[in-house]
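Descriptive analysis of the structure
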Amino acid sequence: MRKTLLLLAVLLSTIPTGSFAASTISLSKSEIEHGEFFDIFGSGFGNGSSTHSYVCFVTTNLCVTGAQIVAQPPMSWSDTHIHLQLPSNVPIEGEVIVVGEGNQTVCTAEGSCQTTKFLQDKGRAVYKVKPKIDSTVPSSAIKPGDSLKIIGNGFGDATGSVFFDDISGTITAWSYTTIDVRSPSSIAKSTKQIRIVSK
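As the structure is a computational prediction, the values presented were derived from the model and not from experiment.

Here's the deal with the pairing of strand S3 (residues 54-57)
Residues Tyr54 and Cys56 of S3 are buried on one face, and the alternating residues Val55 and Phe57, pointing to the opposite face, are buried as well. When S3 meets strand S4 (residues 62-65), the two strands line up antiparallel, connected through 4 bridges. Pairing of Cys56 across the sheet is with Cys63, part of S4. In terms of strand pairing, S3 meets strand S7 (residues 93-107) through 4 bridges, oriented antiparallel. Among the inter-strand pairings, Cys56 is bridged to a residue of S7, identified as Ile97.

Quick word on the sheet that holds strand S10 (residues 147-153)
Taken in spatial order, the 4 strands of this open sheet run S9-S10-S14-S13, and their pairing is antiparallel. Looking along the sheet, the strands with just one partner apiece sit at the ends: strand S9 (132-137) and strand S13 (170-174). Averaged over all pairs of adjacent strands, the angle between strand axes in this sheet comes to 25°, irrespective of strand direction.

Focus on the environment of Leu27
Within the secondary structure, Leu27 is located in strand S1 (residues 26-27). Residue classification places Leu27 among the buried residues on the basis of a relative accessible area of 18%. Linking Leu27 and Val96, residues 69 residues apart in sequence, is a C-alpha distance of 9.5 Å. With near-sequence residues (within four places) excluded, Leu27 lies in contact with Phe38, Asp39, Ile40, Val96, Ala125, Val126 and Tyr127.

Notes on the state of the cysteines
Two cysteines joined by a covalent bond between their sulfur atoms form a disulfide. Scanning the model with the defined rule gives 2 disulfides in all. A sulfur-sulfur separation of 2.1 Å characterises the disulfide bridge that pairs Cys56 with Cys63. Between Cys56 and Cys63 the disulfide shows an S-S torsion of about 110°. By sign, it is right-handed. In this pair, the class of Cys56 matches that of Cys63, namely buried. For Cys107, the disulfide goes to Cys113, at an S-S distance of 1.9 Å. With the S-S dihedral at roughly 110°, the linkage between Cys107 and Cys113 falls on the right-handed side. Given a relative accessible area of 48%, Cys113 falls into the partly exposed group. Should the bonded cysteines of the protein be numbered as they appear in the sequence, the pairing reads 1-2, 3-4.

So, how was this worked out
- Residues numbered from 1 in each chain as written.
- Predicted model: local features only at pLDDT ≥ 70, side-chain atom pairs only at ≥ 80, totals over all residues.
- Heavy atoms only, no water.
- Buried < 20%, exposed > 50% of the residue type's maximum accessible area, 1.4 Å probe, protein only.
- Helix = DSSP H or I, 4+ residues; strand = E, 2+ residues; numbered from the N terminus.
- Pairing = 2+ DSSP bridges.
- Axes fitted to C-alpha atoms, helices over the stretch in contact; angles between N-to-C directions.
- Contact = heavy atoms within 4.5 Å.
- Disulfide = S-S within 2.5 Å.

Geometry only, nothing functional implied.
In structure tokens, the structure reads:
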């Protein structure tokens, strides 16, 4: 798999951008959790069986082949719709691109023709990963000024904010999967929601 991804990074740089205008594609969700299924809608995707069929996350050059998608139900690929699962190692925001097969036929004056296949940009859309909280330590109620560890995914690498209802806590450590925060001194006993805002 790693060799395939490195090769695709080179292939992405060869997609023609000036000759062919990319089609408009749309995503079923504006924010997607890692591991969550989502849909890409557009046209001209093909059936996914071509060696030129990919869904790529341009920020990291991470690509999933059409064959991988088709071989793993419930994921699917058709000419107008791709249903797939967001990989766990994409950044919290970036661009998703559908790459498909393009064909170009060149004929000589004598009437002989040759068709070549190439990678073609079938459309791009911006995605954003929705932060997901799996657990907290402690898992029970906390008091003002207590430390809380939040464990999950999609928090991003840059330090963001954690809100207890609408009051911001003090961040002491931040990573893609873990946040350490001290609850505000004015936290209400009836605090109902912890909200993460990633950068």
